[in-house]
Amino acid sequence: MKHHFHGSIGHVKHGEGELVNLPSAASPPAPQITAPQTAATLSSAVERSSVAKRQRREMQRDPGTTASGDDAASALLQTGAVACSISQREVTAGDSFSLTVARDGQGWVHRAVTRLAAASNMVGLDLTGNALDADDCNALAAALAAPSCKVATLSLKRVGMGPECALAFSEALKANRSLTAVNVERNGLGWSGGRALGEALRANRSLIRLDMSLNDVGPEGGRAVARALRSGASLTELDMVRCGLGPEGGCALGEALVHNTALTRLDVTQNDFGVAGGVAFGEALAVNRTLTALNMRFNRIGFGLERSIDAFAGALGGNTCLRWLDLAQNELGALGGRAFGVALKANRTLQYLNLERNELGDEGAEPLATALMSNGSLTALSMAQNEIARAGAAFAKVVRDSASLLSLDLSKNRLGPDEGASLGAALETATCRTTTLDLKANCIAGGAARIAQALVHNARLTALDLSQNDLGPEGTLPFGEALRRNKALSTLRLSANGLEDGASLGEALASHPTLTEADLSDN
C-alpha cells in the first residue's frame, strides 16, 4: 500500500500546506459483528473484574500477601499496572516473561515487581521513567543479588537513582549472574556512582551491554570503567554519551582499548576529549582488533591539528576491524580532510563514515573524494554541512565510478547549479551504483533539471532529497515528466522549493509504481 505524503502546490498559502495521506486503493475493512452478551457472560465479566480489584487492593496493602513466583506475576497482571510480553496464561504456565511498568507506577507496583525479580521467570524489567525512592532501589538491588534472579535485561532510565543508590546497585551487580543488558541513562550517578559501577564491572562476568549515558561521572568514572575494560570485563557494547569524561577520561578509555579484546561497539559522543583523547584513541585503533563501531562525534579531537588528526587518521589507514565510524563535529578542518583521504586510500574495511560539520571546505573535501575512487569498502558517507562548493564535481565522479559507495550525504553545503548538473550526469551513467543521495539545503536551482532527467534512466537510486534548493516554478515540469517514466524511487523530498502546478506533479506521484514517500510541503 502506498503512503504518499505531500503538501499543496499553488493551492494554499505558502507555509500552510499540510501533510496528507493520498487515498488508498485498499477496500474498507468489513464491519465487525459482535454476539449479544448473555446474562452468564455479563456475570462472568463482573466476577473477573471483582477478583482483579480485590487482588489489586491486596497487593497495595502488602505485595507479600500474594502467591510467590509466577502466580504472583499472574496476579499483578490482572491489576493492569504493568504490561507483559506474554499472556497471563503463559506466565502461569511458567514461561519466561518481561514486564514494563507504566511511568507513573506507584510504590506498591515497584515493590511487587522487585519481589518478582528475585523469585520468578521474569527475564526482562523496564522501569523507565518511574520515580524510585531509596527503599525501592535498595530492594531492587537485593533482588538482583539473589541467586534465584533470572532477569537478563534491565532498564532503569531516569528513575532518580543518584550516587547513593548507585552504590547499592553496583554491589548487586558484583553478585548478579543473570544480567546481560543494563540501561542506567540519566540518573545523576556522579563521580562516586560512576566509580562504583566501574568497579562492579570488574567483578561481573555476565553483562555484555551497558548504557550509562547522560550521567556526569567525570574523569574519575571514566578511569574506573577503563580499568574494568582493561582487566577483562565481559562488555561488548558500551554507551557513555555526555558523561563529562574530558581529556583524562578519554585517555584512560583509549589506553584500555589497547588491551581490551571484548568490546565491539563504543559510543562516547560529546565528552570533550580534545587532542589528548584523540591521540589516545588513535593509538588504540592502531592495535585494537575487536572494535567494529565507534561514535566519537563532538569531541574536538581536531582542535590540536596535526598531532591528534595524524594519529587518528594514520591508525585508521591500517585498521582492519572497524566498520562504522562517526567523527562529526570534531573541528577537523581541511587538514583533517586530507589526512582522512590518505587513510581511506589504505583502509579496506570501513563501511560507514560520518564527517559532517567539520569545516572541511573544498580543500579538505576534494582529497576525500579522490580517495573514494580507489577505496572499495565504504558504502555510506556523510559530508553534510562542510562548506563544500566546487568539490561537488569531485563527488559527482565518485557517484559515477565508485564500486562500493551506495549512500552519499552532501546536504547543507554550497553546491550550485553546475555541481547539481554534474551530479545529474553521474546519476545517468550505467556505472552509477548510488541508491541514496541527500542534497538538501544547497543552491542547486536550475541544476536540478539535469538530476530530474537522470531519473528517467536511473534504475538504482531509491531515495533523493532536493528540499530547499530554490528549484522555482520551472522545476515542477522536469520532475513530473521524470516520475512518469522512473521505476525505482521509493522516497522523494522536494519541500520548500517554490514549485507550482501541483496537479501535474501530484498525478505523477500518485501513479508512480514504487514511490512510498514524497514530501512537497512548503511549496
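The following refers to the structure shown. Values in this document were obtained by computation on a predicted structure and should not be read as measured data.

## Some details on the pairing of strand S5 (residues 122-126)
For strand S4 (residues 97-101) and S5, the ladder comprises four bridges, and the chain directions are parallel. Bridged to Thr 100 within S5 is Asp 126. Between S4 and its parallel partner S5, the chain crosses via helix H4 (residues 107-118), and the hand of that crossover is right-handed. Where S5 lies against strand S6 (residues 153-155), three bridges are found, and the strand directions are parallel. Along S6, the bridge assignment pairs Gly 124 with Thr 153. Of the crossover connections in this fold, the one passing from S5 over helix H5 (residues 134-145) to the parallel S6 is right-handed.

## A look at the side chain of Thr 476
Turning to its location among the elements, Thr 476 is positioned in helix H17 (residues 476-485). The exposure class assigned to Thr 476 is buried, which follows from its relative accessible area of 4%. A polar contact is formed between the side chain of Thr 476 and the backbone oxygen of Glu 500, at a distance of 2.9 Å. Thr 476 has contacts with Leu 499, Glu 500, Asp 501 and Leu 505, leaving out every residue within four places of it along the chain.

## So, the packing of aromatic side chains
Taken as a whole and assessed by the stated rule, the structure comprises three aromatic pairs. Consider the rings of Phe 273 and Phe 281, whose centres lie 5.4 Å apart with planes at 20°: the pair is stacked. Relative accessible area serves as the criterion here: at 0%, Phe 281 is assigned to the buried category. When the ring of Phe 312 is compared with that of Phe 340, the centres are 6.3 Å apart and the planes differ by 45°; the resulting orientation is tilted. Within this pair, whereas Phe 312 is found in helix H11 (residues 306-318), its partner Phe 340 is found in helix H12 (residues 333-346), the two being separated by 28 residues in sequence. As far as burial versus exposure is concerned, Phe 312 and Phe 340 are alike and both buried.

## Comments concerning the environment of Ala 463
Looking at the secondary structure, you find Ala 463 in strand S17 (residues 463-465). A C-alpha to C-alpha distance of 9.4 Å links Ala 463 and Thr 434, two positions 29 residues apart in sequence. Dropping the residues within four chain positions of it, Ala 463 is found in contact with Thr 435, Thr 436, Leu 437, Leu 489 and Thr 491.

## A closer look at the pattern of salt bridges
Throughout the structure, instances matching the rule amount to 15 salt bridges. Here Arg 195 and Glu 220 are joined by a salt bridge, their closest N and O atoms 3.9 Å apart. Of this pair, Arg 195 sits in helix H7 (residues 190-203) while Glu 220 sits in helix H8 (residues 218-230), placing them 25 residues apart in sequence. The partly exposed category is assigned to Arg 195, whose relative accessible area is 30%. Here Asp 326 and Arg 297 are joined by a salt bridge, their closest N and O atoms 3.2 Å apart. In this pair, Asp 326 is assigned in strand S12 (residues 324-326) and Arg 297 in the loop between strand S11 (293-295) and H11, connecting sequence segments 29 residues apart. Judged by its relative accessible area of 3%, Asp 326 is buried. One network of salt bridges, with partners in common, ties together Arg 195, Glu 220, Arg 223 and Glu 248.

## Quick look at H7
Its 14 residues give H7 an end-to-end C-alpha distance of 21 Å, which sits within 8% of 20 Å, the value for a rise of 1.5 Å per residue. Turning to H7, its buried residues number three or more, namely Gly 190, Gly 193, Gly 194, Ala 196, Leu 197, Gly 198, Ala 200 and Leu 201. On its buried side, H7 packs onto helix H6 (162-175), strand S8 (209-211) and H8.

## Focus: the pairing of S4
Burial of S4 is one-sided: the residues Phe 97, Leu 99 and Val 101 facing one way are buried, the residues Ser 98 and Thr 100 facing the other way are not. In this structure, strand S3 (residues 82-84) lies alongside S4, joined through three bridges in antiparallel fashion. Residue pairing across strands places Val 82 opposite Val 101, the latter belonging to S4.

## Quick look at H8
Between the first and last C-alpha of H8 there are 18 Å, a value that for 13 residues agrees with the 18 Å anticipated at 1.5 Å per step. The set of residues buried in H8 consists of Gly 218, Gly 221, Gly 222, Ala 224, Val 225, Ala 226, Ala 228 and Leu 229. Contact partners of the buried residues in H8: H7, strand S9 (237-239) and helix H9 (246-259). Phi turns positive, to about 105°, at Gly 232, one or two residues after H8.

## Considerations on unusual backbone geometry
Positioned with a positive phi, Arg 186 is a non-glycine residue whose angle comes to about 50°. Checked against the element boundaries, Arg 186 lands in the loop between strand S7 (181-183) and H7. For Arg 186, a relative accessible area of 45% puts it in the partly exposed group. Even without glycine at this site, Gln 468 takes up a positive phi of about 55°. Inspection of the secondary structure puts Gln 468 in the loop between S17 and H17. The exposure class assigned to Gln 468 is partly exposed, which follows from its relative accessible area of 43%.

## Some points on the packing of helix H16 (residues 448-457) against H17
Two quantities define a packed helix pair, namely the angle between the axes and the distance from one axis to the other. H17 packs onto H16 with a crossing angle of 15° between their chain directions and a minimal axis gap of 8 Å. The angle between the axes of H16 and H17 places the two elements in the roughly parallel class. Remark: the crossing between H16 and H17 carries left-handed chirality. Along its contact with H16, which presents Ala 448, Ala 449, Ala 452, Leu 455 and Val 456, the element H17 presents Pro 478, Phe 479, Ala 482 and Arg 485.

Scoring rules and cut-offs
Residues numbered from 1 in each chain as written. Predicted model: local features only at pLDDT ≥ 70, side-chain atom pairs only at ≥ 80, totals over all residues. Heavy atoms only, no water. Pairing = 2+ DSSP bridges. Helix = DSSP H or I, 4+ residues; strand = E, 2+ residues; numbered from the N terminus. Right-handed = clockwise from strand over helix to strand, strands pointing away. Buried < 20%, exposed > 50% of the residue type's maximum accessible area, 1.4 Å probe, protein only. Polar contact = N/O pair within 3.5 Å; in protein donor to acceptor, adjacent residues only side chain to side chain. Contact = heavy atoms within 4.5 Å. Phe/Tyr/Trp six-rings, centres within 6.5 Å; stacked < 30°, edge-to-face > 60°. Salt bridge = Lys/Arg side-chain N within 4 Å of Asp/Glu carboxyl O. Expected span 1.5 Å × (residues − 1). Axes fitted to C-alpha atoms, helices over the stretch in contact; angles between N-to-C directions. Parallel < 35°, antiparallel > 145°, perpendicular 65-115°, else oblique. Left-handed = near helix turned anticlockwise from the far one by under 90°.

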